[in-house]
Structures are given as structure tokens and as C-alpha cells.
Amino acid sequence: FQSTSRVAAWLVEKQLPWLEGIDFSELSWLLRLFCVNSHPCKTAGNTSGLLKWGTMINHSCLPNVVYSSVEVDGDFEGHFRACRPIKKGEVLGVSYMKLQATLAPMALR
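Report follows, based on the coordinates. (Residues numbered from 1 in each chain as written. Predicted model: local features only at pLDDT ≥ 70, side-chain atom pairs only at ≥ 80, totals over all residues. Heavy atoms only, no water.)

**What about the side chain of Ser95?**
Then comes step 1: Position of Ser95 relative to the elements: it lies in the loop between β6 (93-94) and α3 (99-102).
Then comes step 2: What makes Ser95 buried here is its relative accessible area of 19%.
Then comes step 3: Not counting chain neighbours up to four residues away, the residues in contact with Ser95 comprise His59, Ser60, Pro63 and Thr102. (Helix = DSSP H or I, 4+ residues; strand = E, 2+ residues; numbered from the N terminus. Buried < 20%, exposed > 50% of the residue type's maximum accessible area, 1.4 Å probe, protein only. Contact = heavy atoms within 4.5 Å.)

**A few points about the state of the cysteines**
Then comes step 1: If you walk through the whole model with that rule in mind, you get zero disulfides.
Then comes step 2: There is no disulfide at Cys61, and the cysteine sulfur nearest it, in Cys83, is 13 Å away. (Disulfide = S-S within 2.5 Å.)

**Let's talk about the packing of helix α1 (residues 2-14) against helix α2 (residues 24-37)**
Then comes step 1: As a packed pair, α1 and α2 sit with axes 9 Å apart at the nearest point and diverge in direction by 135°. If you check the angle between α1 and α2, you find them oblique. Here the hand of the crossing between α1 and α2 comes out right-handed. Where α1 approaches α2, its residues Thr4, Ser5, Val7, Ala8, Ala9, Leu11 and Val12 are matched on the opposing element by Phe24, Leu27, Ser28, Leu31, Arg32 and Cys35.
Then comes step 2: For the contact of α1 with α2, the class distribution of residues is nine nonpolar, three polar and one charged. (Axes fitted to C-alpha atoms, helices over the stretch in contact; angles between N-to-C directions. Parallel < 35°, antiparallel > 145°, perpendicular 65-115°, else oblique. Left-handed = near helix turned anticlockwise from the far one by under 90°. Nonpolar A, V, L, I, M, F, W, Y, C, P; charged D, E, K, R; others polar.)

**As for the packing of aromatic side chains**
Then comes step 1: Taken as a whole and judged by the stated rule, the model has one aromatic pair.
Then comes step 2: Taken together, a centroid distance of 5.2 Å and an interplanar angle of 50° make the contact between Tyr67 and Phe80 tilted. In this pair, Tyr67 is assigned in strand β4 (residues 65-72) and Phe80 in strand β5 (residues 75-82), connecting sequence segments 13 residues apart. (Phe/Tyr/Trp six-rings, centres within 6.5 Å; stacked < 30°, edge-to-face > 60°.)

**Comments concerning α1**
Three- or four-residue spacings in an α-helix give side chains the same orientation, since the helix completes a turn every 3.6 residues.
Then comes step 1: Taking 1.5 Å of rise per residue, the 13 residues of α1 would be expected to cover 18 Å, and the 19 Å separating its terminal C-alpha atoms lies within 8% of that figure.
Then comes step 2: In the stretch just after α1, Gln15 is the one whose phi turns positive, near 50°. (Expected span 1.5 Å × (residues − 1).)

**Examining the environment of Leu92**
Then comes step 1: Among the secondary structure elements, Leu92 is positioned in the loop between β5 and β6.
Then comes step 2: Taking relative accessible area as the criterion, Leu92 reaches 37% and is therefore assigned partly exposed.
Then comes step 3: In this structure the C-alpha to C-alpha distance between Leu92 and Leu51, which are 41 residues apart in sequence, comes to 15 Å.
Then comes step 4: Setting aside residues up to four positions removed in sequence, Leu92 forms contacts with Ile57, Asn58, Asn64, Val65 and Ile86.

Function-wise, these values are silent; they only describe arrangement.
See the structure below:
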């Protein structure tokens, strides 16, 4: 929470017109929400984005879908693709961890 709190304090201090009416606690909450629900968009550079349906996919240490960002006609899209057969009714799961972390033994994750 420390980093999002620092960013929220900095933004509030700047008194940006597009943040008018949003206080520190609301902004801090929104930044934390973004951090835990965003997906990297490497295709567009070092940035992240919120995906309408992507935030509803559960975490799994043994995922059945993987995420990638792609450019389509000048726009950037997040795509989820099956990485193994998925049975009807099975819950979709993606790893929230970076690839290197998924290679570590389960006890170290």
C-alpha cells in the first residue's frame, strides 16, 4: 500500500483538474484496485491496462489459460488463450505471477 499511497498523495498535491472531487482515500483505493486488476500490455510498451472480462478470471498455480497483449489495427487488445484442454464447466484460471515465479517450487511461491 505504501507505493500507491505515495502516488495518491503526489496526485492530490498536484491538484489536477481531472481529479477534482476525489480525495486521497478514494484515489488511493482506486490505485490499489487498478494494481491488483491490471494486466501488462507489453505490446504498447511498459504499461498496463484493465480488461473488461480479464479481471474476472481467477488465479491458478496450474493455469488453463494464458494472457498476451496484441496490436490489432492500431489498437491494443488483451487476449486469453487456452494453454491446455479445458473441460466444460471448468473454472478458467490464469497465473497472476510472472513467468519466472511460476517456475519456482510451489512452497516458494
